[in-house]
Amino acid sequence: MRALYPPGSDPDGRAFVLDESEDRPVAGPTRRFRFPHLRLGTWLGVVIMGAALAIACVGPWISIHDPNDFSSTVNAAPSDIHWLGTDDLGQDVFARLIVGTRLSLVLGTVAALVALLAGTLAALFGMASGRIGNLLVFGIVDLIRALPGVLFALALVVAIEPGTTSVVLALGLAFAPDFARITRASYLQEAARPYVAAAFVFGASPVRIALVHILPNITGALVTQFAIILPRCIVLEAVLSFLGLGVSPEYATWGRMIASASSYTEEAPHVLLAPIVALSVLTFAFAMIGDELRRRFDPARRRIMT
Amino acid sequence: MMAQLRGISLGIAAEVLRSFAIAVGIVVLTFFLLRMIPGDVVDVIGLEGALTYEQQANLRAEMGLTRSWGEQFWLWLGMIAGGDFGLSSRFAIPVTQLIGAVLGSTITLGLSALTIGICLGIGLPVLAAIYPRSAFVWLAEAITIWSITVPTFSTGIAAVVVFAVWLGMIPAIGNLSAPALILGIDIAGSIAKILREDMKEIESADFIRTARAKGLSRTRIVLAHILPNAMTVTLALVGLIFSNVLTGAITMEIVFGRPGIGTLALQAIKGRDYPLVQTIIIWLGIAVIIANLVADIAQRFVDPRIRLR
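Residues and elements named next belong to chain A. Taking 1.5 Å of rise per residue, the twelve residues of helix α4 (residues 149-160) would be expected to cover 16 Å, and the 16 Å separating its terminal C-alpha atoms lies within 8% of that figure. With ten of twelve residues buried, α4 is to be regarded as a mostly interior element. Residue Glu161 follows α4 closely and has a positive phi angle near 85°.

This is how it looks when you write it as structure tokens:
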């Protein structure tokens, strides 16, 4: 059984373990590059991610049609001219789907970054600033977590005036508490370690300990959470667009496509299914990558990430 | 024993106080967040009914929209303290009546999904643990992967297209079984994921080896030894599961066009119906807070380790 797997990996592919019989490799020119031993799902995730990124980069040059060009045929079935047909305005679905890949990815990434920055910094500040700061920060965190995410984001988008900025801000704020929670759990684990005590004894201030000593040691957990939150941002953006409160109509995001196609489910279901399939495939890829990251960074399943 | 109980009640008191503070926070936040929305209900009514500026101004004064935010807030706070949530600005009916009309529908959807979620989410991992070489293992893995990879939003829309439009098996609007099933499987997956990981971990604990050495049957070991220990961790996530059910129910209602809290809230936000939106968000928020509080208290009684915190 054991022989089936290359040395240096465990049969479940859960964690990278060094073979005990082998000496620890010394840096040198003889060490060859080896493909990491990953599970099938992770490979799928990585390949899909790569494809999505490639499409996002070279996107507009793939399709012969302009995503905002109107043709005379409305709600047309897939053909060799329009690979995925046309939508209710006669725009090429394939071209819009490709442009949507870029927009959805960029929007989702920026929103997740906003959440990461806001959540992590607030939590670190809260943890470093003693009892009152802690109560205040995590009171707000619990407050946002108690509100249903869809409604909160919805109200926020309407309050700031619908548009790209407000969508990004609303998504970022809606997901910031998730990062705050992870940061707190990881912080508490790290704070019990000797290096934190050592830093304290050396006279480092709480803020310095939080930012210089603890933050670099919890990046694994944060990166993992980022991979979990990013697809959720993309989906929530799609939901907001579906409700007519996403980014402005000239941007062809997947949510926009779903929204406009959902009035024509009978005439042109393929127009609706195209962005949905794309959305699901991308979420699948992220989930697989996120799961792999979680296995790497949280091998003991301390369950601080859910 | 007395000291332990005092520890529990002190912890609970602190938790109750904290929950109350958060509830107050929700009330304040909701009020001012909604007042930041440009335009008010009179603008919306004015557009539809072609009111003159004079009529609009009169309507605003009548509704109290001309007062300052602070004044409005205190008035409203006094009202909800007396249990009066006000009239909907769109429909001129008490908001409680409007919400009450659709609450049952949302609760039905939520409870159906929760039942499916709990049955599958606990049943499958338990069966998988009792029969480790059966199809249950595969099923438990499948719903876990399904729930983390496919968002309910896209499954819902795909279900509308495939089952309602193409196959005509379910009505496209107002249907219960499809959204309940989709949401239920999603919830089941999230429960199964946590429970299965915990059960596997406990499986290798010393006391399970002892139980096996005593000659207990596999079923008994799983049901009486592994499950209760694994459940303490799952219990901590009851609040999270509850809020997931709520959010999921709202999304499903919007996707399936089912009347309920979600569709009502959406309509209210778009129509700038402040009293209605406020009340919905506050009620939902407080429901989640109470769920969290109950989960926390239950956990303190069930799991002695938590009292040490």
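Okay, back to it.
Take the interface of chain A and chain B next. Listed per partner, the contact involves 34 residues of chain A and 40 residues of chain B. For the side of chain A that touches chain B, the element with the most residues is helix α10 (residues 269-297) of chain A, which contributes nine residues. Considered class by class, the residues forming the side of chain A that touches chain B number 23 nonpolar, seven polar and four charged.

Residue and element names in this part refer to chain B. Per-residue pLDDT for chain B averages 84, and the proportion of residues at 70 or more is 94%. Taken element by element, chain B is modelled with least confidence in helix α2 (residues 41-49), mean pLDDT 72, and with most confidence in helix α9 (residues 206-213), mean pLDDT 92. The ipTM, which scores confidence in the relative placement of chains, is 0.81 for this predicted complex, and the corresponding pTM is 0.81.

It is worth spelling out the environment of B:Glu48 at this point. Residue and element names in this part refer to chain B. Here Glu48 is to be found in helix α2. For Glu48, a count of 10 C-beta atoms within 10 Å translates into the label exposed. When the C-alpha positions of Glu48 and Met36 are compared, they lie 22 Å apart, and in sequence the two are twelve residues distant.

Let us look at the nonpolar core. Formed by 151 residues in total, the largest nonpolar core has its most connected members in A:Ala153, A:Leu154, A:Leu171, A:Ile258, B:Val277 and B:Ile280. Setting aside anything within four residues of it in sequence, one finds B:Ile280 in contact with B:Ile99, B:Ile261, B:Leu264, B:Ala265 and B:Ala268.

A few words on the packing of helix α2 (residues 93-128) of chain A against helix α7 (residues 206-214) of chain A. Residues and elements named next belong to chain A. As a packed pair, α2 and α7 sit with axes 8 Å apart at the nearest point and diverge in direction by 140°. Put simply, α2 runs oblique to α7. In this structure, the crossing between α2 and α7 has a hand that is right-handed. Only Pro206, Val207, Ala210 and Leu211 of α7 make contact with α2, whose side of the interface consists of Leu124, Met127 and Ala128. Classifying every residue of the contact of α2 with α7 gives seven nonpolar, no polar and no charged.

Calculation rules
- Residues numbered from 1 in each chain as written.
- Chains lettered and ligands numbered in written order.
- Predicted model: local features only at pLDDT ≥ 70, side-chain atom pairs only at ≥ 80, totals over all residues.
- Helix = DSSP H or I, 4+ residues; strand = E, 2+ residues; numbered from the N terminus.
- Expected span 1.5 Å × (residues − 1).
- Buried ≥ 20, exposed ≤ 12 C-beta atoms within 10 Å, placed from the backbone.
- Contact = placed C-beta atoms within 7 Å.
- Nonpolar A, V, L, I, M, F, W, Y, C, P; charged D, E, K, R; others polar.
- pLDDT = per-residue confidence, 0-100.
- Core = buried A, V, L, I, M, F, W, Y, C linked by C-beta atoms within 7 Å.
- Axes fitted to C-alpha atoms, helices over the stretch in contact; angles between N-to-C directions.
- Parallel < 35°, antiparallel > 145°, perpendicular 65-115°, else oblique.
- Left-handed = near helix turned anticlockwise from the far one by under 90°.

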